[in-house]
Amino acid sequence: MGDGHAPIVKTVNLRKYYLAYKIGILDRLFGKKPAWVRAVDNVSIEIEEGETLG
C-alpha cells in the first residue's frame, strides 16, 4: 500500500439500493409505495496488486 502503484480495483462513493416489494394487498390498494433498502451507501475502496479483501 502506498508504494506509488495504481490500484487494480477502485470504487468511490458506491451506492446500491433495492426496492422492498414486500407490501401487502391493502398497502397497494391505498397507494403505499415500496420502500428503498440501502445495501451500501457511500463506500469507497482501493485494492492494490497482492492485496486481498476479506
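Residues numbered from 1 in each chain as written. Predicted model: local features only at pLDDT ≥ 70, side-chain atom pairs only at ≥ 80, totals over all residues. Heavy atoms only, no water.

## A few points about the overall build of the protein
- The helix and strand tally for the protein stands at one helix and two strands.
- Counting from the amino terminus, helix and strand elements in the protein follow one another as β-α-β.
- Here the C-alpha atoms of the protein give a radius of gyration of 19 Å, more than 25% beyond the 10 Å that 2.2 N^0.38 yields for 54 residues.
- Dimensions along the principal axes, computed over C-alpha positions, put the protein at roughly 60 × 20 × 10 Å.
- Across the 54 residues in the protein, those meeting the buried criterion constitute 6%.
- Residue pairs at least 24 apart in sequence account for 59% of intrachain contacts in the protein once pairs closer than 6 positions are excluded.
- For the protein, the accessible area works out to roughly 5100 Å², and carbon and sulfur atoms hold 57% of it. (Helix = DSSP H or I, 4+ residues; strand = E, 2+ residues; numbered from the N terminus. Rg over C-alpha atoms; globule rule 2.2 N^0.38 Å. Buried < 20%, exposed > 50% of the residue type's maximum accessible area, 1.4 Å probe, protein only. Contact = heavy atoms within 4.5 Å. Areas by Shrake-Rupley, 256 points an atom, 1.4 Å probe, with all protein chains shown as cover.)

## Brief notes about the pattern of salt bridges
- Inspection of the entire model under this criterion finds three salt bridges.
- Asp-41 serves as the salt-bridge partner of Arg-38, at 3.4 Å between the closest nitrogen and oxygen.
- The exposure class of Arg-38 is exposed, given its relative accessible area of 60%. (Salt bridge = Lys/Arg side-chain N within 4 Å of Asp/Glu carboxyl O.)

## Side note on the packing of aromatic side chains
- Per the counting criterion, the structure on display carries zero aromatic pairs.
- When the ring centre of Tyr-18 is taken as reference, the NZ or CZ atom of Lys-16 above it lies at 5.0 Å. (Phe/Tyr/Trp six-rings, centres within 6.5 Å; stacked < 30°, edge-to-face > 60°. Lys NZ or Arg CZ within 6 Å of the ring centre and 35° of its normal.)

## Some thoughts on the environment of Lys-22
- Secondary-structure assignment places Lys-22 in the loop between β1 (9-20) and α1 (25-29).
- Sequence separation between Lys-22 and Ala-39 is 17 residues, and the spatial gap between their C-alpha atoms is 16 Å.

## Things to note about unusual backbone geometry
- Here Asn-13, not a glycine, exhibits a phi torsion of approximately 55°, which is positive.
- Tracing the chain through its elements places Asn-13 in strand β1.
- A residue is classified by how much of its surface remains accessible, and Asn-13, at 44% relative accessible area, is partly exposed.
- Positive phi, normally seen in glycine, also occurs at Asn-42, with a value near 65°.
- Summarising the element assignment, Asn-42 is placed in strand β2 (residues 35-47).
- Note on Asn-42: relative accessible area 45%, which makes it partly exposed.

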